[in-house]
Amino acid sequence: MFKKILIANRGEIAVRVINTAREMGIKTVAVYSDFDKYSLFARKADEAFHIGASPAAQSYLLADKLIEIAKKSGAEAIHPGYGFLSERGYFAKLCADNGIKFIGPSEHAIDFLGSKTNAKDIAVKANVPTVPGTHYALKSVEEAKEVAEKIGYPVLIKASAGGGGKGMRVVNESKDLESFMRMAQNEARSSFGDDSVFIEKYVLDPRHVEFQILADEHGNAVHLGERECSMQRRHQKVIEETPSVIMDEALRTEMGECAKRLVLESGYTNAGTVEFIVDADNKFYFLEVNTRLQVEHPITEMRTGLDLVKEQLKIAYGEKLSFRQEDIKLHGAAIECRINAEDADNNFMPSIGKINYMSKEGGNGIREDSGIEQGDEISVYYDSMISKLISYGPDRPTAIAKMKRALKGYKIGGVKTNISFLLSLLESDAFMSGQYHTQYIEKTFMKEMKDTAATKDMILAASLASTILKSSNGNSNHKAVLKNTSESKWAIRKFDNFR
Amino acid sequence: MSNYQTNITGQTELNGVFLNGNNEFLFNDKNYTYEYKILDKSILLLRINDKNYIVEYELNEDERENNEFTFNIDSHKITMVCKNELDILVDKIAGGKKDKKQKNDIVSPMPGVILKLNVKEGDEVKKGDVILVLEAMKMENEIKAIRDCKIKKINVEEKKSVNKNELLVILE
């Protein structure tokens, strides 16, 4: 096994990798930006090297500098975590060129599966269902009508050069096709200077269900079951759970085998995730591949008993998978909630500042993966995630009860958090029944969310609290506190969205 | 002064609170004992008749000027108006006509870049309309109108970087 690895990341995922490496007797090298000099992960690692200024572009994204530090420290391999350079083929290549093992797939696999059109071609080759439609520009309205009749309404007209919903139209009936196609073309022309459009089946309110894959370098692959990630807000996952309530053994096997075929067809190795969308009739279609360890991997670990980082390290070292598909046993239910420093009452605006107070929850059935402690600061430089709270129980109701308990007890002072939002989401009928899809939060939950009436006890407590605060107003330092939030310099950060 | 009057914002029911300085208080003429500990500048542990309450609260200067306090108790958000004897007296003199102090300045809540500006000076906007979009911490954040109003002045333009607390827009 490797003797020493470098972790090209920060925060909770760096801590996560350090923990497993330590359990395996592997020394760890952290790299830190100015801001992270004394952050938990930088303290925890066996060695910590300064890499640059606080903005990621001047630190965690410096590929050459990472290689230099790996060489200097004698690290044999680099774990990229998620985000930053984890899905950059050139970084995997740079590692290989310098004789350092990249703990992840090859450059080729990252670049090939990272491109949506390439990945779709492979999916078709591997006989994995994709959303029906054309992948080439339509020549005429007649051709569009023909395709639409074949795949069935409703259909989606999409600009080839598209993005951000521009040049996109949902068509429910054939009589609207012509006019909607013209509108999409006009929009595409004015937005992208290219009016070519294609057409695909419109999947209404789909679920997002993904499969965890492990593939070794000897042609073996297993899937570790699904993760239900449909609780999303603006394409950001909010709550993930496994199993998905829609899953039965037959569907799990079918989707899992599809995911395996896809990675084997593309020569993919190490841990990866194959994402699908699923319609109301449980018909599934390939969406994309995430060529890295994912934020929500812990729920799969809870349910399989495996340590995915350990498996990643073993695969990267060239070992064969020590289990076959039939050895994978899925037990119980697990849920992950992402606690973010954001103001749920104010359009989820990130909330920056110092965490003055933190009272965490643990105990039976609760796991917390976090890189933040009391006294740490949530900055503008990085992600606003404070913690991943994971609950596990023999069944779904137990896992939900544990998560509710943990969220209720989790107190953070200094920044605003989404804890109350997560709690009301967990308590919604949709989550309780498991009947939700990717549009649920925005289409339904946000609109119906209303405060339940305060109880008499709460009014009593709030009255006393306001009286105490009011009576101490003269000699308190509330105003000083308000002014004391961080005034860090702004820096533009652009790196991939790994959520 | 230890006489206070509280009510939930928007509701008419008034509660009387009298702190008698001996870890006891009267709430609507009923006697309670209490203890409290400030766990943090925004978290208060209250123990009323031996029952625990964790009360999280916001530090909002505008609210405080209007005697408002927003709490989160057991994931319930409650905004209380709390007045002391002087406040009540001032109210009486003003004949209840004292307008709430209105917030006219929109300042940047964090450093970022103005991605989109949806209004121009002189525009009338409705409560909830998106005035501008601020990109910060890799998120697009919509800054919305907190009430129906007119845009008096705009201090920024699209693509401009702004600092925290920088004045963006003035409302009328």
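Keep in mind the model is a prediction, meaning the values are calculated, not measured. (Residues numbered from 1 in each chain as written. Chains lettered and ligands numbered in written order. Predicted model: local features only at pLDDT ≥ 70, side-chain atom pairs only at ≥ 80, totals over all residues. Heavy atoms only, no water.)

Moving on: the overall build of chain A. The helix and strand tally for chain A stands at 17 helices and 22 strands. Computed over C-alpha atoms, the radius of gyration of chain A comes to 24 Å, within 12% of the 23 Å expected from 2.2 N^0.38 for 499 residues, which places it in the range of a compact globule. Projected onto its principal axes, the C-alpha positions of chain A cover 75 × 60 × 50 Å. In chain A, which comprises 499 residues, the proportion classed as buried is 58%. Looking at chain A alone, contacts between residues at least 24 apart form 66% of all its contacts between residues at least 6 apart. Across chain A, the 67 positively charged side chains and the 69 negatively charged ones have centroids separated by 4 Å. (Helix = DSSP H or I, 4+ residues; strand = E, 2+ residues; numbered from the N terminus. Rg over C-alpha atoms; globule rule 2.2 N^0.38 Å. Buried < 20%, exposed > 50% of the residue type's maximum accessible area, 1.4 Å probe, protein only. Contact = heavy atoms within 4.5 Å. Lys, Arg positive; Asp, Glu negative; His and termini not counted. Charge placed at Lys NZ, Arg CZ, Asp CG, Glu CD.)

Bringing helix α12 (residues 396-409) of chain A into the picture now. Residues and elements named next belong to chain A. The end-to-end C-alpha separation of α12 is 20 Å, in line with the 20 Å expected for 14 residues at 1.5 Å each. For α12, every residue scored as buried is listed here: Arg 396, Ala 399, Ile 400, Lys 402, Met 403, Ala 406 and Leu 407. Down the axis of α12, the buried set is contained in an arc of 165°. They therefore lie on one face. Packing partners of the buried residues in α12 comprise β11 (236-242), β14 (333-340), β19 (366-370), β21 (385-393), α13 (419-426) and α14 (429-433). (Expected span 1.5 Å × (residues − 1). Arc of directions from axis to C-beta.)

Moving on: the interface of chain B and chain A. Between chain B and chain A, the residue contacts involve 61 residues of the former and 59 residues of the latter. Of the roughly 5300 Å² buried at the junction of chain B and chain A (both faces included), carbon and sulfur atoms supply 66%. Joining chain B to chain A, the criterion identifies five salt bridges. Of the charged contacts, one joins Asp 457 of chain A and Lys 51 of chain B as a salt bridge, the two residues approaching to 2.4 Å between their closest N and O atoms. The interface formed by chain B and chain A includes nine residue pairs in polar contact (both at pLDDT 80 or more). For the side of chain B that touches chain A, the class distribution of residues is 33 nonpolar, twelve polar and 16 charged. (Buried area = accessible area lost by both parts, 1.4 Å probe. Salt bridge = Lys/Arg side-chain N within 4 Å of Asp/Glu carboxyl O. Polar contact = N/O pair within 3.5 Å; in protein donor to acceptor, adjacent residues only side chain to side chain. Nonpolar A, V, L, I, M, F, W, Y, C, P; charged D, E, K, R; others polar.)

This part is about the packing of α12 of chain A against α13 of chain A. All names here are of chain A. At their nearest, the axes of α12 and α13 sit 10 Å apart, and the two run at 155° to each other. Taken together, α12 and α13 sit at an angle that is classed as roughly antiparallel. Read as a crossing pair, α12 and α13 show a hand that is left-handed. Contacts between α12 and α13 involve Met 403, Lys 404, Leu 407 and Lys 408 from the former and Ile 419, Leu 422, Leu 423 and Leu 426 from the latter. For the contact of α12 with α13, the per-class residue count stands at six nonpolar, no polar and two charged. (Axes fitted to C-alpha atoms, helices over the stretch in contact; angles between N-to-C directions. Parallel < 35°, antiparallel > 145°, perpendicular 65-115°, else oblique. Left-handed = near helix turned anticlockwise from the far one by under 90°.)

Take the confidence of the model for chain A next. Chain-level statistics for chain A give a pLDDT mean of 90 and a share of 93% at 70 or above. Across residues 474-497 of chain A, confidence stays below pLDDT 50; counting only partners more than four residues off in sequence or on other chains, it has 54 contacts. (pLDDT = per-residue confidence, 0-100.)

Now for the packing of helix α3 (residues 63-73) of chain A against helix α4 (residues 89-97) of chain A. Residue and element names in this part refer to chain A. At a closest axis distance of 10 Å, the pairing of α3 and α4 adopts a crossing angle of 30°. The angle between α3 and α4 places the two elements in the roughly parallel class. Taken as a pair, α3 and α4 cross one another with a handedness that is right-handed. Here Ala 63, Asp 64, Leu 66 and Ile 67 of α3 come into contact with α4, specifically with Tyr 90, Phe 91, Leu 94 and Cys 95.

To continue, consider unusual backbone geometry. Put simply, Tyr 153 of chain A and Pro 154 of chain A share a cis peptide bond, and its omega is -5°. With respect to the helices and strands, the residue Pro 154 of chain A is situated in the loop between α7 (141-151) and β6 (155-159). At Asn 270 of chain A, a position not held by glycine, the phi torsion is positive, near 75°. A positive phi is found at Lys 159 of chain B, a non-glycine position, where the angle reads about 75°.

Our focus in this paragraph is the packing of aromatic side chains. All names here are of chain B. On inspection of all chains with the given rule, the structure shows 19 aromatic pairs over all chains. Consider the rings of Tyr 57 and Phe 71, whose centres lie 6.5 Å apart with planes at 70°: the pair is edge-to-face. With Tyr 57 in strand β6 (residues 51-57) and Phe 71 in strand β7 (residues 68-73), this residue pair connects regions lying 14 residues apart in the sequence. An identical accessibility class is assigned to Tyr 57 and Phe 71; each is buried. (Phe/Tyr/Trp six-rings, centres within 6.5 Å; stacked < 30°, edge-to-face > 60°.)

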